[in-house]
Amino acid sequence: MPSDSALSIVWIYPDLLSTYGDQGNVLVLEQRARRRGIETETIHVRSADPVPETGDIYLIGGGEDRPQILAAERLRRDGGLHRAIARGAALLAVCAGYQIMGSTFGGEEGQPVGGIGLLDISSSRGPARAVGELVAEVDAALGLPTLTGFENHMGVTHLGPGVRPLSKTVKGVGNGDGFEGCYAGHVVGTYLHGPALARNPALADLLLSWRAGQLTSLDDSPYEALRQERLSTVLQP
Ligand code: GLN
């Protein structure tokens, strides 16, 4: 169980869901907290284990269809993530993890599979696999710079009135309707791998600030130079 003082980061089901280096999201949160003198404690919750309710920031990654279905079943049965979010915890859910947070998603044959209903979204199989670089402009209400990442998914995601799109797609497919990801309260869902928080440190800081309050600024110039290089390469006509 997390101690009272440290910021607790909970990495859900690394044995089922963690493609394209999604675990890097955990490392980025740890590192950006520690660089500011915020102590962290990370809990890796394997799928046979209960999800603790008292964590601060929860992360779940992407994956193949079968482990995605297993993860949804186990999370629903467990209930710990629902209770944590009800207590105000933050969550970053990536790709398969994002789809799981909705009411339904497409299984191996495209059949509808029940999600866990934490976000007002539903996903299904799209017309073609979306693979490649994704660039998106974030909802102005969040005040974040352009998002960049890598996507690889069959699913498309429909947003209900209970969530807002995280961003507008500039390049790539994202949700499949011109938007990418969504958010509601302290829950963020996205198709971005990369890992997403390494490629978008401002998104990491948004999650941290939701639980740790106002953050001191960091010298991100080396990362920012890389980001700009990647953005200009990807957006080249
Ligand atoms: N299995 C899901 C899909 O193809 C998610 C894929 C992923 O997480 N990369 O849509």
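Residues numbered from 1 in each chain as written. Predicted model: local features only at pLDDT ≥ 70, side-chain atom pairs only at ≥ 80, totals over all residues. Heavy atoms only, no water.

Under an unreviewed UniProt entry, the name given to the chain is Lipid II isoglutaminyl synthase (glutamine-hydrolyzing) subunit GatD, and the source organism is Nonomuraea terrae. According to its UniProt record, the chain has this under Function (unreviewed entry): "The lipid II isoglutaminyl synthase complex catalyzes the formation of alpha-D-isoglutamine in the cell wall lipid II stem peptide. The GatD subunit catalyzes the hydrolysis of glutamine to glutamate and ammonia. The resulting ammonia molecule is channeled to the active site of MurT." (UniProt positions renumbered as here; feature names shortened; annotations may be inferred.)

J.: Can you break down the overall build of the chain residue by residue, with the values?
T.: When its secondary structure is counted, the chain shows seven helices and 11 strands. Taking 18 Å as the expected radius of gyration for a compact globule of 237 residues, we find that the chain reaches 17 Å, a close match to that expectation. With respect to the three principal axes, the spread of C-alpha positions in the chain is 50 × 45 × 30 Å. Taken over 237 residues, the chain has a buried fraction of 53%. Restricting to contacts in the chain with at least 6 residues of sequence separation, those with at least 24 account for 70%. For the chain, the accessible area works out to roughly 10100 Å², and carbon and sulfur atoms hold 51% of it. Of the side-chain charges in the chain, 20 are positive and 27 negative, and the distance between the mean point of each set is 1 Å. (Helix = DSSP H or I, 4+ residues; strand = E, 2+ residues; numbered from the N terminus. Rg over C-alpha atoms; globule rule 2.2 N^0.38 Å. Buried < 20%, exposed > 50% of the residue type's maximum accessible area, 1.4 Å probe, protein only. Contact = heavy atoms within 4.5 Å. Areas by Shrake-Rupley, 256 points an atom, 1.4 Å probe, with all protein chains shown as cover. Lys, Arg positive; Asp, Glu negative; His and termini not counted. Charge placed at Lys NZ, Arg CZ, Asp CG, Glu CD.)

J.: Break down the nonpolar core for me, citing the residues and quoting the values.
T.: Membership of the largest hydrophobic core comes to 65 residues, with the highest contact counts inside it found for Leu75, Leu81, Leu91 and Met101. The contact partners of Leu81, leaving out residues within four places of it in the chain, are Ile12, Val51, Tyr58, Leu75, Leu91, Met101, Ile116 and Leu118. (Core = buried A, V, L, I, M, F, W, Y, C linked by side-chain atoms within 4.5 Å.)

J.: Go over the sheet that holds strand β4 (residues 90-94) with me, naming the residues and quoting the values.
T.: One open sheet holds the nine strands; their spatial order is β2-β1-β3-β4-β11-β10-β9-β7-β8, and the pairing between them is mixed. Each edge of the sheet is formed by a strand with only one pairing partner; in this case those strands are β2 (40-45) and β8 (147-159). The mean inter-strand angle of the sheet, taken between neighbouring strand axes irrespective of direction, is 25°. Bridge count between strand β3 (residues 57-60) and β4: four bridges; the pairing is parallel. What sits directly across from Leu59, in β4, is Leu92. In this fold helix α6 (residues 201-212) packs onto β1 (7-12), β3, β4, β8 and β11 (187-190), with an angle of close to 155° to the strand it touches most, β4. Sitting on the sheet, helix α7 (residues 221-234) touches β7 (121-138), β8 and β9 (164-171), and the angle it makes with β7 is about 120°. (Pairing = 2+ DSSP bridges. Axes fitted to C-alpha atoms, helices over the stretch in contact; angles between N-to-C directions.)

J.: Could you give an account of the side chain of Thr19, naming the residues involved and the relevant values?
T.: Tracing the backbone shows Thr19 in the loop between β1 and α1 (24-34). Within the structure, the side chain of Thr19 is placed 3.3 Å from the backbone oxygen of Gly62, a separation counted as a polar contact. Dropping the residues within four chain positions of it, Thr19 is found in contact with Gly62, Gly63 and His193. (Polar contact = N/O pair within 3.5 Å; in protein donor to acceptor, adjacent residues only side chain to side chain.)

J.: With reference to specific residues and values, describe the site of the ligand.
T.: As a structural note, the neighbourhood of the ligand is formed by Gly62, Gly63, Asp65, Gln68, Cys95, Ala96, Gln99, Asn152, His153, Met154, Gly155 and His193. In the environment of the ligand, a nitrogen atom lies 2.6 Å from a nitrogen or oxygen atom belonging to the side chain of Asp65. One of the side-chain N or O atoms of His193 is found 3.5 Å from a nitrogen atom in the ligand. With the chains in place, 95% of the 300 Å² that the ligand exposes on its own is no longer accessible. Contributing elements (two or more residues each) for the shell around the ligand: α2 (65-78), α4 (96-100) and β8. Residues that form the shell around the ligand fall into these classes: three nonpolar, eight polar and one charged. (Near = heavy atom within 4 Å. Nonpolar A, V, L, I, M, F, W, Y, C, P; charged D, E, K, R; others polar.)

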